[in-house]
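Letter by letter, the chains look like this.
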Amino acid sequence: MFKTVLFPIDESRESREAADTVAQMVKTFNSRLILLSVNEVPVEGEEPPPPERVMTPEAIAELLKNAQGMFSKVGIEAEIIEREGKPAFIICDVADEINADLVIMGCRGIGLTEEGLADSVTNRVINLAPCPVLIVP
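Residues numbered from 1 in each chain as written. Predicted model: local features only at pLDDT ≥ 70, side-chain atom pairs only at ≥ 80, totals over all residues. Heavy atoms only, no water.

Novice: Sorry, what's going on with helix 2 (residues 57-73) here?
Specialist: One turn of the α-helix equals 3.6 residues, which is why residues spaced by three or four share an orientation. In this model helix 2 runs 24 Å from its N-terminal to its C-terminal C-alpha over 17 residues, within 8% of the 24 Å that 1.5 Å per residue would give. Along helix 2, the residues that are buried comprise Ile 60, Leu 63, Leu 64, Ala 67 and Phe 71. Seen end-on, helix 2 carries its buried residues on one side only, within an arc spanning 90°. Those residues of helix 2 that are exposed and angled more than 90 degrees off the buried face are Glu 58, Lys 65 and Lys 73. As for helix 2, its buried residues are in contact with strand 1 (4-8), helix 1 (13-29), strand 2 (32-39) and strand 3 (78-84). Positive phi shows up at Gly 75, right after helix 2, with a value of about 85°. (Helix = DSSP H or I, 4+ residues; strand = E, 2+ residues; numbered from the N terminus. Expected span 1.5 Å × (residues − 1). Buried < 20%, exposed > 50% of the residue type's maximum accessible area, 1.4 Å probe, protein only. Arc of directions from axis to C-beta. Contact = heavy atoms within 4.5 Å.)

Laid out in structure tokens, this is it:
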């Protein structure tokens, strides 16, 4: 049913907590797992993202390596993708590129905006994703 699962990760507690659900789903459906980390970069003409939402390339590589290792310990081989841009749009673009059958993400990542949940990365992904999105509370 879910041949390819996309798991966008960041350094948030919600992302770490969603990992157990991801592992269960991937094992249940024998899915291909893709880990995605998006570094939010300033877009010309827009205000730069808050410093807590910008990661160094080294930090992103370490985050993905640690996540890949964690899934490996439970017998899941995970592929990794790193991108830069607006997280919600990149997540949806990657989901489309890899023909994801499911996106799994935490209920709030570090992308909760000052405007609140209605303008969060999670909410945008729910509305724009080309496939079902499972939000882990």
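Moving on from the model shown.
Novice: Would you mind showing me how to read the pattern of salt bridges here?
Specialist: Side chains that differ in sign of charge can pair as their charged atoms come close. Counted according to the given criterion, the structure contains five salt bridges. When the shortest N-O distance is used, the salt bridge between Arg 32 and Glu 79 registers 2.8 Å. Here Glu 79 lies in strand 3 and Arg 32 lies in strand 2, a separation of 47 residues in the sequence. A salt bridge links Glu 40 to Lys 86, with the shortest nitrogen-to-oxygen separation between them at 3.7 Å. Residue Glu 40 is found in the loop between strand 2 and helix 2, and its partner Lys 86 is found in the loop between strand 3 and helix 3 (87-97); the two are separated by 46 residues along the sequence. Three or more residues are tied together by salt bridges with common partners; here these are Arg 13, Glu 14 and Glu 17. (Salt bridge = Lys/Arg side-chain N within 4 Å of Asp/Glu carboxyl O.)

Novice: Quick question: what am I supposed to make of the pairing of strand 2 here?
Specialist: Working note: regular strand, side chains alternate between the two faces of the sheet. Among the eight residues that make up strand 2, seven are buried, leaving the element largely enclosed by the rest of the structure. In this sheet, strand 2 lies alongside strand 1 in parallel orientation, the contact comprising five bridges. Within strand 2, the residue paired with Val 5 across the bridge is Leu 33. In this view, the connection linking strand 1 to its parallel neighbour strand 2 by way of helix 1 has right-handed handedness. Across seven bridges, strand 2 lies against strand 3 in parallel orientation. Counted as the bridge partner of Val 38 is Arg 83 from strand 3. (Pairing = 2+ DSSP bridges. Right-handed = clockwise from strand over helix to strand, strands pointing away.)

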